Amino acid sequence: MYGLGMIKGFWVTLKHFVNSYTEDVQWLGRNYIDPEKLRLRQSSKGKGLFTIQYPNEKLEVPERFRYIPFLIYEEKDGKQEDRCTSCGICAKVCPPQCIWIVRTDDPVTKRPVPAPKEFYIDTDICMNCGYCAEFCPFDAIKMDHNYELASYDRTSAHVYDKAKLSKPLSYYASIRPTDYEAEEKARAEEEAKKAAKKAAAAKKE
Ligand code: SF4
Ligand code: SF4
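The following refers to the structure shown. It should be emphasised that the depicted structure is a prediction, and the values quoted were computed from it without experimental measurement.

**Notes on the pairing of strand 3 (residues 99-105)**
Two faces belong to every sheet, and in a regular strand the side chains alternate between them.
Working step 1: As judged from the seven bridges shared by strand 3 and strand 4 (residues 112-122), these two strands associate in the antiparallel manner. For R103, the partnering residue across the bridge sits in strand 4 and is P116.

This is the structure:
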């Protein structure tokens, strides 16, 4: 029958419209704040409204989601230890060239020290490709999940300095548990290999 498809479509819309209100009553007081409700609405069991009421509701991002990079530091003996050695590989491979690094110099000898004195990323230019994280030989730079970076201030707010970029290893472990576990395992294996090599060399002497 001509127009049957349209009637079916309107019926689906009407059902969702009415169910939006019945679900609102069912979830009274927890609507748009309970993540369980959002999961239900987004699933095939959702009967009413299925759009996201941002910013009251936010979709969970997948573990491999990537946005602006951040620098990892480890906490050892109450001190923050940067993983970054200021080797400059990330700045070199960055396609839009939005990373600037200033290496630390020894105050006495003036020789370079493998640590960044300054580290900047222009977040307006970064295209979230993840090359910096892929190429870093020290697992020192990783892609973040935080995508809420909008601000009215162009210069001071959007060019991230070292303090703003630095986050603890525990944060990385919380947003990317799978990668973190695999990297830590590989790191431990590498350390064990090095220790075995050292021990074998010492035995020969
Ligand atoms: S973040 Fe990694 S690649 Fe970039 S300078 Fe530091 S150690 Fe090198
Ligand atoms: S994610 Fe890509 S564009 Fe952004 S800083 Fe890293 S290499 Fe550059």
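**Here we look at the nonpolar core**
Working step 1: One finds I99, F119, I121, C132, I141 and L165 to be the most contacted residues of the largest nonpolar core, which totals 19 residues.
Working step 2: For this core, the secondary-structure elements that each account for two or more residues are helix 3 (89-93), strand 4, helix 4 (131-135) and strand 5 (141-143).
Working step 3: Those residues within four positions of I141 in sequence are excluded, and the remaining contacts are P69, F70, L71, F119, I121, C132, A133 and C136.

**Section: the packing of aromatic side chains**
Working step 1: Scanning the entire structure with this criterion turns up five aromatic pairs.
Working step 2: With a centroid separation of 5.4 Å and an interplanar angle of 75 degrees, the aromatic rings of F17 and Y21 are classed as edge-to-face. On the criterion of helical spacing, the pair formed by F17 and Y21 is a turn pair, its members being four residues apart in helix 1 (residues 4-26).
Working step 3: Positioned over the ring face of F70 is K167, at 5.7 Å from the centre of the ring.

**As for the environment of P69**
Working step 1: Its location among the elements puts P69 in strand 1 (residues 69-76).
Working step 2: Measuring from C-alpha to C-alpha, the distance between P69 and E57 comes to 24 Å, with 12 residues separating the pair along the chain.

**Thoughts on the side chain of S20**
Working step 1: Counting through the fold element by element, S20 comes out in helix 1.
Working step 2: The class for S20 is buried, based on a relative accessible area of 16%.
Working step 3: In this view, S20 contacts G48 and L49; residues no more than four positions away in its chain are not counted.

About the criteria used
- Residues numbered from 1 in each chain as written.
- Chains lettered and ligands numbered in written order.
- Predicted model: local features only at pLDDT ≥ 70, side-chain atom pairs only at ≥ 80, totals over all residues.
- Heavy atoms only, no water.
- Pairing = 2+ DSSP bridges.
- Helix = DSSP H or I, 4+ residues; strand = E, 2+ residues; numbered from the N terminus.
- Core = buried A, V, L, I, M, F, W, Y, C linked by side-chain atoms within 4.5 Å.
- Buried < 20%, exposed > 50% of the residue type's maximum accessible area, 1.4 Å probe, protein only.
- Contact = heavy atoms within 4.5 Å.
- Phe/Tyr/Trp six-rings, centres within 6.5 Å; stacked < 30°, edge-to-face > 60°.
- Lys NZ or Arg CZ within 6 Å of the ring centre and 35° of its normal.

Function cannot be read off these values alone, since they describe shape.
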